[in-house]
Amino acid sequence: DVVMTQTPVSLSVAIGQPASISCKSSQSLVGTSGKTYLNWLLQRPGQSPKRLIYLVSKLDSGIPDRFSGSGSETDFTLKISRVEADDLGVYYCLQGTHFPHTFGSGTKLEIK
Amino acid sequence: QVQLKESGPGLVQPSQTLSLTCTVSGFSLTSYNVHWVRQPPGKGLEWMGVIWSGGNTDYNSALKPRLSISRDTSKSQVFLTMNSLQTEDTGIYYCNRGAYWGQGTLVTVSS
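These numbers come from a predicted model, not from an experiment.

Cut-offs applied
- Residues numbered from 1 in each chain as written.
- Chains lettered and ligands numbered in written order.
- Predicted model: local features only at pLDDT ≥ 70, side-chain atom pairs only at ≥ 80, totals over all residues.
- Heavy atoms only, no water.
- Pairing = 2+ DSSP bridges.
- Helix = DSSP H or I, 4+ residues; strand = E, 2+ residues; numbered from the N terminus.
- Axes fitted to C-alpha atoms, helices over the stretch in contact; angles between N-to-C directions.
- Phe/Tyr/Trp six-rings, centres within 6.5 Å; stacked < 30°, edge-to-face > 60°.
- Lys NZ or Arg CZ within 6 Å of the ring centre and 35° of its normal.
- Buried < 20%, exposed > 50% of the residue type's maximum accessible area, 1.4 Å probe, protein only.
- Contact = heavy atoms within 4.5 Å.
- Buried area = accessible area lost by both parts, 1.4 Å probe.
- Salt bridge = Lys/Arg side-chain N within 4 Å of Asp/Glu carboxyl O.
- Polar contact = N/O pair within 3.5 Å; in protein donor to acceptor, adjacent residues only side chain to side chain.
- Nonpolar A, V, L, I, M, F, W, Y, C, P; charged D, E, K, R; others polar.

A.B. asks: Can you walk me through the sheet that holds strand β3 (residues 19–25) of chain A in this structure?
C.D. replies: Paired through their backbone hydrogen bonds, the strands of a sheet run either parallel or antiparallel. All names here are of chain A. Taken together, four strands build an open sheet; the order of strands is β1-β3-β8-β7 and the sheet is antiparallel. Since the sheet does not close on itself, it has two edges, and those belong to β1 (4–7) and β7 (67–72), each with one partner. The mean angle between the axes of side-by-side strands here comes to 15°, regardless of whether they run parallel or antiparallel. Here β3 runs beside strand β8 (residues 75–80); their pairing, made up of six bridges, is antiparallel. When the sheet's bridge partners are listed, Lys24 is paired in β8 with Asp75.

What follows is the structure in structure tokens.
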């Protein structure tokens, strides 16, 4: 199975400051189609996960452009340019290129 | 609009079989894939399997011996069946279509 290694495990960020989360996969996530199926999700406390980004860098509808995704092959990053209070929760990366699909272990974002 | 909603028994005894239903609206199961994901209490997310728009399925190899996903397209429902449940199977079970997630249903395995 593809192992998704997320870092940091947690981070505390002041409102208005940037945040960055890394996700590294144990093998390339480039699929046979040439697409890279790497998603980022946010799970707020007590809620279902919410997809923020798909195909490495495409923002889902309604997601503010404070969020951005980048990376390739095995190395991916989620960046929040200016953290807001509503951003707190656990962020997960998810690879959908290989079976079984696998999630990172999560990064808990707290507001400082 | 697109909606998914899980339903199930809530409490299952050890060694018994779990049956969950995901009822969808706003789209056709013959056009979109539906995944099942679960989350033990206080832990991370685990992908369980998918039923493709064409009706084929893929499963997490760790669960494959115990897991089955099927559907009734006329009722817009996807079914998850998992046997030989153990306490480690306790958690919230979600169905998902891309950016859309159900609210989840809590399954507790206990005697």
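A.B. asks: How should the sheet that holds strand β8 (residues 77–82) of chain B be read in this particular structure?
C.D. replies: All names here are of chain B. Taken in spatial order, the four strands of this open sheet run β1-β3-β8-β7, and their pairing is antiparallel. Every other strand in the sheet has two partners, leaving β1 (3–7) and β7 (67–72) as the edge strands with one partner each. Taken over all neighbouring pairs, the strand axes of this sheet differ in orientation by 20° on average, direction set aside. Examined bridge by bridge, strand β3 (residues 18–25) and β8 share six bridges and lie antiparallel to one another. Bridge pairing in β8 links Leu18 to Met82.

A.B. asks: For this particular structure, what's the right way to read the packing of aromatic side chains?
C.D. replies: Given two aromatic rings, their pairing is described by the distance between the two centres and the angle made by the two planes. Under the counting rule described, the total for this entry stands at six aromatic pairs over all chains. Summarising the aromatic geometry, the rings of Phe99 of chain A and Trp47 of chain B are spaced 5.6 Å apart at their centres and angled 50° between planes, so their arrangement reads as tilted. Taken together, the positions of Phe99 of chain A in the loop between β9 (89–95) and β10 (102–103) and Trp47 of chain B in strand β5 (residues 46–51) put the pair across two chains. Clustering of aromatic rings is evident, with ring pairs tying together Phe99 of chain A together with Trp47 and Trp52 of chain B. A cation sits over an aromatic face here: Arg97 of chain B above Phe27 of chain B, 4.8 Å from the ring centre.

A.B. asks: Sorry, what's going on with the environment of Gly89 of chain A here?
C.D. replies: All names here are of chain A. Relative to the assigned elements, Gly89 resides in strand β9. Given the relative accessible area of 7%, Gly89 is considered buried. Along the sequence, Gly89 and Pro49 sit 40 residues apart, while their C-alpha atoms lie 9.8 Å from each other. Apart from residues lying up to four places away in sequence, Gly89 is in contact with Leu42, Gln43, Arg44, Pro45, Thr107, Lys108 and Leu109.

A.B. asks: So what exactly am I meant to see when it comes to the interface of chain A and chain B here?
C.D. replies: One frequent convention defines the size of an interface as the accessible area lost when the parts assemble. With 13 residues of chain A at the interface, the matching set in chain B holds 20 residues. Buried area between chain A and chain B, both sides added, is near 1200 Å², and the carbon and sulfur share of it is 65%. At the boundary of chain A with chain B, the tally comes to zero salt bridges. Counting across the interface, chain A meets chain B through five residue pairs in polar contact (both at pLDDT 80 or more). Residues belonging to the side of chain A that touches chain B are distributed by class as follows: six nonpolar, four polar and three charged.

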